[in-house]
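As a plain string of letters, each chain reads:
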Amino acid sequence: MGRGPQLKRGPFAAKDVKKALKADGWVSKSGGKHQTVWTHPVKPGKFAVSESWTALRAWDPILKGMVRTCGIDKDRLLQLLNG
């Protein structure tokens with residue numbers, strides 16, 4: 001049996017990360033000139049997204065940190081990043 005559609009594993013940019021966070025219920029707060037800070041109404045913690053992110057891969061430390069900080073399962077994160 002197949003595993004379903006193949007999810008792309010990158011490259012992802014800041015706009016992809018922001019879209020994924022928004023889809024998971026995170027809300028953007030102003031963080032500064034080059035980054036935005038995201039918070040969730042129920043989940044603890046904050047996550048900062050830098051506008052300089054342009055070529056993130058699924059195994060990138062930034063996305064691994066996102067899994068830890070935001071409490072999003074890595075498979076779910078890939079689904080969100082793939083839109």
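A.B. asks: Got a minute to help me understand the sheet that holds strand S1 (residues 27-30) in this structure?
C.D. replies: By way of backbone hydrogen bonds, the strands of a sheet pair with one another, either parallel or antiparallel. In spatial order, the strands read S1-S2-S3; together these three strands make up an open sheet with antiparallel pairing. Each having just a single partner strand, S1 and strand S3 (46-50) make up the two edges of the open sheet. Across the sheet, the mean angle from the axis of one strand to that of its neighbour is 35 degrees, orientation sign disregarded. The pairing of strand S2 (residues 35-39) with S3 spans five bridges and is antiparallel. When the bridges of S3 are listed, Thr36 appears paired with Val49.

A.B. asks: Please explain the layout of surface pockets as it appears in this structure.
C.D. replies: The method is simple in principle: a probe with the dimensions of a water molecule rolls over the atoms, and the space it marks as empty is what remains. Estimated volume of the second largest pocket: approximately 160 Å³. Lining the second largest pocket are Arg9, Ala58, Leu63, Lys64, Val67, Lys74, Asp75, Leu77, Leu78 and Leu81. Broken down by element, the residue count for the lining of the second largest pocket peaks at five residues, all from helix H3 (residues 74-81). Looking at the lining of the second largest pocket residue by residue, the class counts come to six nonpolar, no polar and four charged.

A.B. asks: Just to check I follow, could you spell out H3 for this structure?
C.D. replies: Helical periodicity: at 3.6 residues per turn, an α-helix aligns residues three or four positions apart in one direction. Where H3 is concerned, the buried positions are Leu77, Leu78, Leu80 and Leu81. In an axial view of H3, the angular spread of the buried residues amounts to 160 degrees, which keeps them on one side of the axis. Of the residues flanking the end of H3, it is Gly83, one or two places downstream, whose phi is positive at about 70 degrees.

A.B. asks: Would you mind showing me how to read the packing of helix H1 (residues 14-23) against H3 here?
C.D. replies: How two helices sit against one another is set out by the angle between their axes and by the gap between those axes. Where H1 contacts H3, the axes come no closer than 8 Å and their chain directions differ by 115 degrees. With respect to each other, H1 and H3 are oriented roughly perpendicular. Along this stretch, H1 crosses H3, giving a crossing that reads as right-handed. On the side of H1, the interface is formed by Asp16, Val17, Ala20 and Ala23, while H3 contributes Leu77, Leu80 and Leu81. For the contact of H1 with H3, the residue count by class is six nonpolar, no polar and one charged.

The rules behind these values
- Residues numbered from 1 in each chain as written.
- Predicted model: local features only at pLDDT ≥ 70, side-chain atom pairs only at ≥ 80, totals over all residues.
- Heavy atoms only, no water.
- Pairing = 2+ DSSP bridges.
- Helix = DSSP H or I, 4+ residues; strand = E, 2+ residues; numbered from the N terminus.
- Axes fitted to C-alpha atoms, helices over the stretch in contact; angles between N-to-C directions.
- 1 Å grid on protein atoms, 1.4 Å probe; cavity = no way out; pocket = protein on both sides within 12 Å on 5 of 7 lines; lining within 4 Å.
- Points joined across faces, edges and corners; volume = space filled by probe spheres on them.
- Nonpolar A, V, L, I, M, F, W, Y, C, P; charged D, E, K, R; others polar.
- Buried < 20%, exposed > 50% of the residue type's maximum accessible area, 1.4 Å probe, protein only.
- Arc of directions from axis to C-beta.
- Parallel < 35°, antiparallel > 145°, perpendicular 65-115°, else oblique.
- Left-handed = near helix turned anticlockwise from the far one by under 90°.
- Contact = heavy atoms within 4.5 Å.

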